[in-house]
Each structure stands twice: as structure tokens, then as C-alpha cells.
Amino acid sequence: MKYIKFILSLLLTLGLVYFLSNPFTIKGEEEKTLPPLGSFFSPFTGFWQNAESSVNAVFQSFEIPEMKGKVTVHFDERMVPHIFAENMEDAVFAQGYIEAGMRLWQMDLLTRVGSGRLAEVMGENLLATDQLMRRRGMLYAAQNSEKAWRKSPETMRILSAYERGINKWVDELQPKDYPIEFKLLNYKPERWSILKTALIRQYMNLTLNLRESDVEATNALQVFGEENFKKLFPEKNPKQTPIIPPGTKWDFEPIKIEKKKANEDAIGLIPNHLEKVSSELVGSNNWAVAGSKTLSGKPILCNDPHLQLSLPSIWFEVQINVPESNVYGVSIPGLPGVIIGFNENIAWGVTNVGTDVADWYKIEWTDQEKTTYSLDGQIKKADLVVETYKIKGAENPVFDTVKWTYWGPVVYDSKESGWKDLALRWISHDEPLPDDISTFTGLDMGKNYDDYRNALKRYAFPAQNFVFASNEGDIAITVNGRFPLKYQGQGPFVQNGNSTENEWPGFIPMEQVPTVKNPPQAYVASANQRSTDDTYPYYYNSAGFDDYRGRVLNDALSQMDSIKAEDMMDLQLFDYSIHAAEALPLMIDNLDEKLLSDREMMILGKMKKWGFSFDKDQVEPAIFQVWWNKYYESVFDEIMVFKDSLPMLKPDQWRLVEMTEKTPTDPFFDLKATPATETAKEISMLSFQATCADLADDLLKPNFDWSSYKKTSIMHLTRIPAFSRMNLDVGGYRQALNAISENHGPSWRMVVELGEDVKAWGVFPGGQSGNPGSPYYDLDVDTWRTGSYNQLFFMKDGYDTCQKVKYSITIN
């Protein structure tokens, strides 16, 4: 009997081991696959091993034969590495090694996004996302970048060193030390490659320069006609101040471009179901003020890039000290060098330009199989590229054929009725200059204005507004990138792909992109607004230049004097909105107070006293946001009706403010669903009363305010709430300088005061570590949330080891 019990116990144990060693699926509304619970909960290799209590738990000194010299890395109290090396190659090796140690899963995920390989590790639900990325040509573009980089020995020297550093970490990684996300998703880290660095770069291109509204604009033109289109969608906001100060002289002879009539009339309606790139707050603020406006007499430079907020953060704080330079700032894990930062001589920062560099072309197929198309009266054969997708849990791969045309990949094709097959001409598909990566290493080692300008000559995309300041007293800003030459009106609409006359005539020469040095106003500033005034000789368009933040920024800087670093911090945190200041009084003036209830009058009283700042503990911003949304959707009910049926362009907010002020009886104010004829007065009244009714319960809650309404959250990249910071008590507004929304906002705030002893302050809403079990995972979220800054520990030499240095390693 005891043998039978033993055999049964043994079989049960073996069965349990097998069960816990394999992933299993939970059936429900959404099928979910759990990792093998045995290994996940194992005390030897499971998630317990990811608990981390100190810096010492991560890195140790080691020797590697191919190092050219000695590297010392000092980790400070916030886990920022200060890398001291005898040459740049060894320095970026150490940077790659450390960033892999701190952010390996994040780096892996972003390369999978760009290469269309999410379904491999996350299942079939991500297949459509993967297919879209390949159809957009993300992998193709990354391969083109790698091809270009390999033409430059200097670029390859840096990239190869960075690659070796990452793989040094990956090769020595034991299963017990895998980042927890690898354990949750049950897959292993891969070795790094230069292609993966190109994919990280391509992910930034996806975020920053794929904004366009061609399909929506084409539909709006077809539905509303040319006269209404021009009324609703003017390209320029007359109140906005450009990045390059008006009156700047253009000292060059522009290329002459033949003006053509765009042929969007022949396109027709486009009912395609588009997957749009999020454009919310993909922007930023940056500025530099000359010494003549500062208390110290030296320039001050500031930057706060607005991106999607996430844990781990997109940024990684680092200092790199080599004989040529001593640079501090933030990097993007997966890319070598410092992207935004300063050294002992200069400081720089970036904001997104937002110029439209992605155009859609309608393909005219000439066969039923859609493999040949018409171009300039000839039949051209599309290149058919078969993409293969591995699916987690599936035995067989999935195949998809992408058709590449003269213009680019056919991202959208279908047999659905009315569907237009569209090919994408995107600048990110082009090969960059072979040494474009050295733009940032050039800035890292820059000493003056000439070094800044020389570094920018190598940079093509994504286009950025590079702000600059130096200890020599110079300030400058350059709208830098490779911009298509376009004839007037080219770009906002889908174009016919049957004629090469519709292609870009060329590119604006790099020496003719907008730039200014030491303007008379003694400051330079950008907030993603239009680049220039009308005197700039080239046409360009955008899916949405900023309409408000640039005005606030220019107004503030023009009035400031004897500026201190603290003043610049206050400006980065400024919650005031010109949008609210211009819109709300017009809406209030349109109300008939005799028709309001006592409760509605009480709410109106609050709004009349409000100062247009989106402070976290005020209720008025929430009331304004709801009221404005209802007002906007009511006025443009003719457009909102297409919400689920047809991609449709929506007017900019400033245009509705202008219509309310100047043309309050415009036919667009009339509600189509009612027999009456409404004007701005009636719409203001109806939307205000609807707002009061909608917020009736919320306004009775004692803790209801702007932050509780907005619910800003910083989500982990897997969207796991336990790894996220939810419902933060924070103010800010999309149209304010402190542009914090539900999940976007200032991803890095930096203020640099130049001088003999450079001082700098910075913060990002996260921490250095990507490990949720580390005390350095979300270390500075609350610092950022409360509007505080860290004074950045800018070490002068590797021996300056004060109490801020908590741990050091050497690499020989």
C-alpha cells in the first residue's frame, strides 16, 4: 500500500511540476496567457529575484580585453551614472552596458514595436499592430538607417562600442536576473544589434514626424466645398508668434518652384479606417535668454519635451566625461550619447518641428490582383514583399504581402466598397546621412556656436528645433531637418499617385533652413508653433502647429528681466492658458443670465472670477473643459456626425474662438437637428446648461477638482496598474506651458545656467531603473508632480567623490 501511495504522490508531483512549468491560457472575453507559474514564483529564478534594495545589487567591476583604457563609473544617490573614460568609444561601451542593466526590457519592447514583432511575445491580439508597423515601412526605414551608418567608419566605431556594451550585459545575464517583464511574458532577452539601435531611432520617427491629416482634409474638402474649407481650416493662426522672430533676414537665394494646382478634386471621398499616430502634446517648449536679460549676465537655457508619460521613462539621466568634453543630460536607452543636455561650454535642447513630411498617394491599379499600377502613362509592377509574423502560442506563422510602389508602401489596401488604396511617401524611409548619429556626439563635445551649427548639418530627421546657448554669450535656435520642397498647397491633401508631377520637387538646402543667432529681443523660444513669418520663401504645412503656448512663452520672456533660474522653473510650471482667457469671456458674454437657475448662476459666478490657470486644486478648469468640449461639438455638429463613418478634419480651437468673436451668426452655429436657427448665443447657453447638469453630482463632492477630473496617470509600458502611478495630484493643461494632460506632458524638465561654474536643474517623472522592484523605479515622480527639481550633480573629475557618490565600479 505504501508503494501505491508513493507512486501516486510521485505522479501528482510530476504532474504539478509539468503544469507549473508551462504557460496556460485563461478563457474569457479576452484570452490571456499566464507565464509558467512554477518558474515565475520560483525563489531561485522567479520574480523574487527582481527585488532590489540598493545600487550595489546591480553592477560590479569587471575586466574586458578589448577596452582601450580604464573607465570609472560613479553612481550617485539617484542612481545616475557618471562615466569617466579615456576615450568616447569606451565611454559609450559603458553607457550601453549600464543602460542595458537598467532598461533592457524597455529597449527590447521599443525595437519590437518598430520591427513589428510584438505578437511573438504578447500573442495574436498584437498581430494587427505588427502588420501596420511593417506596412508603414518601419523595419525598412531602420534597415536604411543601418545601411547609411555603415558607410561611416566613425559612426560605426561609436555604434559598435555601444552594441558591445549592451551585449556584455545580455551575455552574462542569468534567468534569475531577467527583468520581470521577460518573466511575465515568458521570453528571453535577445542580443543587441546596430539594427536595433536603428529601430529605436525609427520609433522616435514614428512618434515625432508621422503626423499628417491628408485623408481627413481631403474628405472635408469634398464634403464642405472649397469656400467652407478655407473658412474652417486656415493654415495660419494670425495671432501666433513664429519661432524665428519676424523681421529676420533670409540671406540666401531660394530655389524656384513651379506652382501647380493640386488635383485633390479627382480623389473623391476616402472611407478608409485609419490607424492614426497619436499627436497629442507631441511637442515641447524650449528657450534661451541672453546674458543681457539674466541676473548673472550669462545665458540660461531651458527645455521640457512633451511626450507620452510612461514607466520606465523614455529618458535616462547620464554624465559622460572624456578628454574632449564633460557632458551631462538625458539619453534615450538604445541610442548612444546625450540627446538633451549641457557641458562646460554650451547647452542645448530640442522641440518637435511638426512640419508635414508624410504624404499619401492614391494608387491606380491596372490589374485585378493589384500588382501593377499606372505611373506617367506606363504600367509599373509593384515590389511584393512577403512579411512573416511569428505568433506566441501558434504553431504556424502568419504571412502578409506588402506592395511597394514608386511612392512607398501601400499601407492601406482593401476590397471594401469605396476604399482608396494609399501609398505612403515618408521622409523617414530615406537614408539619413552616414554620420547623423554624430550630431549628438558633436553637440556633446561642442564648445561654441560654430560647433553647434556644424553638428546640425548632419541631422535630417525627425526635424527638431535645436535651441542653443554658450558661455561665450551666444544664443540661437535652428529649425533643423530635411524638409521637402513643396509648391504652394502641396501636402495637406491626398494626391494622385499616377503622375510623378505630384512628387516633392526636392529638399530645402540645409544652409537655408530657418535659423537665428542673437536676435535683438535677447531670447529665442519655441513651443511647436509655426517656424517663420510669411517672408520665408518656402511653403510648408503641418497637421497642427501650436496656437497658444508659443504666445504665452514669447509674451512672458519679452517682459522679463534680471532673470534667475528659479524664474525659468516657474515659467515651465506656468498653468495659465490663453485659450481659456480668450474663449471663456466670449462664452460668458453670450449667456442670458435671466434664464439661468440659482445653481447655474452660482457656477457662473465661479467662472467669472477664475484667472484662467489650470491649478490642480481648482474646480473651474474642469467646468471650462466640459463646457468648451460641448460648445465645440455643438457648433461643429456637421463634422461630428462623421465621427464613426468617415475620417474628417476638425477645425482648430483658435478658429472657433475667432468665429465666436467675429462671426457669431455663421451658419455653422446652427444645430442641424433642431428647427430653430441657433447662433453663438444659443449654443453658449445650451452647452453651459448641459455642463451644469453633467457635473451636478461631481460638484457636490468635497474633493472634486481639476486633478481628480483629469486623472493624469503614468502607465507602465505593459499597462499593468501595479507597475504604474495612477491619478496623480497634478495641474497643467494641453494649451498651457505646463502641458500635462491625462497621459502626456513634460517628460524631462531642464534649466541650465551657464557661467564659469555651470549650474543645472532637472527632473523627469520616473527613475533611472526600469525594475518595478527597485527604489529607483519611480524615485522622482513625486518630485516632478510637486513642481520640484533636482540640482544636477555635474562632476568635474572622477576624483570628485563627495557624499553624493554612493557606489563606483571600474571597467578595465
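Residues numbered from 1 in each chain as written. Predicted model: local features only at pLDDT ≥ 70, side-chain atom pairs only at ≥ 80, totals over all residues. Heavy atoms only, no water.

S.K.: What exactly am I supposed to notice about the overall build of the chain here?
M.R.: The number of helices and strands found in the chain is 22 helices and 32 strands. Relative to the compact-globule value of 28 Å for 812 residues, the chain shows a C-alpha radius of gyration of 28 Å, a close match. Summarising its shape, the C-alpha atoms of the chain cover approximately 90 × 75 × 70 Å along the three principal directions. For the chain, long-range pairs separated by at least 24 residues make up 72% of all intrachain contacts whose partners lie at least 6 apart in sequence. If you sum the accessible surface of the chain, you get close to 33200 Å²; carbon and sulfur atoms cover 52% of it. (Helix = DSSP H or I, 4+ residues; strand = E, 2+ residues; numbered from the N terminus. Rg over C-alpha atoms; globule rule 2.2 N^0.38 Å. Contact = heavy atoms within 4.5 Å. Areas by Shrake-Rupley, 256 points an atom, 1.4 Å probe, with all protein chains shown as cover.)

S.K.: Whenever I open this one, helix α10 (residues 214–232) confuses me. Can you help?
M.R.: A turn of α-helix holds 3.6 residues, and therefore any two residues three or four places apart point the same way. The first and last C-alpha atoms of α10 sit only 16 Å apart over 19 residues, clearly below the 27 Å expected at 1.5 Å per residue. At Gly-225, α10 shows its largest kink, close to 120°. (Expected span 1.5 Å × (residues − 1). Bend = angle between axes of the 7 residues up to and from the residue.)

S.K.: What should I look at first to understand the nonpolar core in this one?
M.R.: Most often, soluble globular proteins have nonpolar side chains that are buried together. Formed by 143 residues in total, the largest nonpolar core has its most connected members in Phe-59, Ile-83, Ile-98, Trp-315 and Phe-342. The leading source of residues in this core is helix α3 (residues 88–115), at 15 residues. For Ile-98, the contacting residues outside a window of four places in its chain are Phe-59, Val-73, Phe-75, Pro-81, Ile-83 and Phe-316. Among the nonpolar cores identified, the runner-up in size contains 88 residues, and Met-569, Met-648, Leu-728 and Tyr-777 belong to it. (Core = buried A, V, L, I, M, F, W, Y, C linked by side-chain atoms within 4.5 Å. Buried < 20%, exposed > 50% of the residue type's maximum accessible area, 1.4 Å probe, protein only.)

S.K.: How should the confidence of the model for the chain be read in this particular structure?
M.R.: Model confidence for the chain is summarised by a mean pLDDT of 90, while 91% of its residues fall at 70 or above. Counting interchain partners and residues more than four positions distant, the pLDDT-below-50 stretch residues 10–22 has seven contacts. This model gives residues 24–30 a pLDDT under 50, and the stretch forms eleven contacts once residues within four places in sequence are excluded. (pLDDT = per-residue confidence, 0-100.)

S.K.: Sorry if this is basic, but what is going on with the pattern of salt bridges here?
M.R.: Two side chains of opposite charge can pair, provided their charged atoms sit close to one another. Inspection of the entire model under this criterion finds 48 salt bridges. Its salt-bridge partner being Arg-78, residue Glu-317 comes within 2.7 Å of it at the nearest N-O pair. Within this pair, whereas Glu-317 is found in strand β8 (residues 316–322), its partner Arg-78 is found in the loop between β3 (71–76) and β4 (81–85), the two being separated by 239 residues in sequence. For Lys-370, the salt bridge identified is with Asp-421, shortest N-O distance 2.7 Å. You can see Lys-370 sitting in the loop between β12 (358–362) and β13 (372–375) and its partner Asp-421 sitting in the loop between β17 (410–412) and β18 (422–426), a full 51 residues away along the chain. (Salt bridge = Lys/Arg side-chain N within 4 Å of Asp/Glu carboxyl O.)

S.K.: What's the story with the sheet that holds strand β27 (residues 725–728) in this structure? I'm lost.
M.R.: What holds strands together in a sheet is hydrogen bonding between their backbones, with the strands either parallel or antiparallel. Here we have three strands laid out as an open sheet, ordered β7-β26-β27, and mixed in their pairing. Two strands lie at the open edges of the sheet, namely β7 (310–311) and β27, each paired on one side alone. Sheet topology note: the β7/strand β26 (residues 712–716) ladder contains two bridges and is parallel. Within β26, the position partnered with Ser-310 by the bridge is Met-715. (Pairing = 2+ DSSP bridges.)

S.K.: Before we go on, may I ask you to explain the packing of aromatic side chains in this structure?
M.R.: For any pair of aromatic rings, the description rests on two quantities: the centre-to-centre distance and the angle between the ring planes. A full pass over the atoms with the stated rule returns 49 aromatic pairs. Between Phe-614 and Tyr-733 the ring centres are 3.8 Å apart and the planes differ by 0°, which places this aromatic pair in the stacked class. Of this pair, Phe-614 sits in the loop between α16 (598–609) and α17 (620–635) while Tyr-733 is found in the loop between β27 and β28 (744–746), placing the two residues 119 residues apart along the sequence. Each member of the pair, Phe-614 as well as Tyr-733, is classed as buried. Positioned above the aromatic ring of Phe-507, the side-chain terminus of Arg-482 is 5.7 Å from the ring centre. Lys-517 extends its terminal NZ or CZ atom over the ring of Tyr-449, reaching a point 4.3 Å from the ring centre. (Phe/Tyr/Trp six-rings, centres within 6.5 Å; stacked < 30°, edge-to-face > 60°. Lys NZ or Arg CZ within 6 Å of the ring centre and 35° of its normal.)

S.K.: I'm lost on the environment of Phe-461 in this one. Help?
M.R.: Following the sequence through the fold, Phe-461 ends up in the loop between α12 (449–456) and β19 (464–470). A residue is classified by how much of its surface remains accessible, and Phe-461, at 1% relative accessible area, is buried. Sequence separation of Phe-461 and Arg-482 is 21 residues, and the distance between their C-alpha atoms is 6.3 Å. Once residues within four sequence positions are removed from consideration, Phe-461 is found in contact with Arg-201, Asn-205, Asn-209, Ile-427, Ser-428, Asp-430, Pro-432 and Arg-482.

S.K.: It is not clear to me how the pairing of β13 should be interpreted in this structure. Could you clarify?
M.R.: One face of the sheet, then the other: side chains in a regular strand alternate in exactly this way. Burial of the side chains of β13 extends over both faces: Thr-372 and Ser-374 are buried on one face and Tyr-373 and Leu-375 on the other. Both β13 and strand β14 (residues 378–381) contribute to a ladder of four bridges, which runs antiparallel. Paired with Tyr-373 across the strands is Lys-380, a residue of β14.

S.K.: What exactly am I supposed to notice about the packing of α3 against helix α9 (residues 194–208) here?
M.R.: The relative placement of two packed helices is expressed as an angle between their axes plus a distance between the axes. Relative to each other, α3 and α9 sit at 75°, their axes nearing to 8 Å. Taken as axis vectors, α3 and α9 run roughly perpendicular relative to one another. Taking contact as the criterion, the partners of Met-107, Leu-110, Thr-111, Val-113, Gly-114 and Ser-115 in α3 are, on α9, Lys-196, Leu-199, Ile-200 and Tyr-203. Among the residues making up the contact of α3 with α9, the classes are represented as six nonpolar, three polar and one charged. (Axes fitted to C-alpha atoms, helices over the stretch in contact; angles between N-to-C directions. Parallel < 35°, antiparallel > 145°, perpendicular 65-115°, else oblique. Nonpolar A, V, L, I, M, F, W, Y, C, P; charged D, E, K, R; others polar.)

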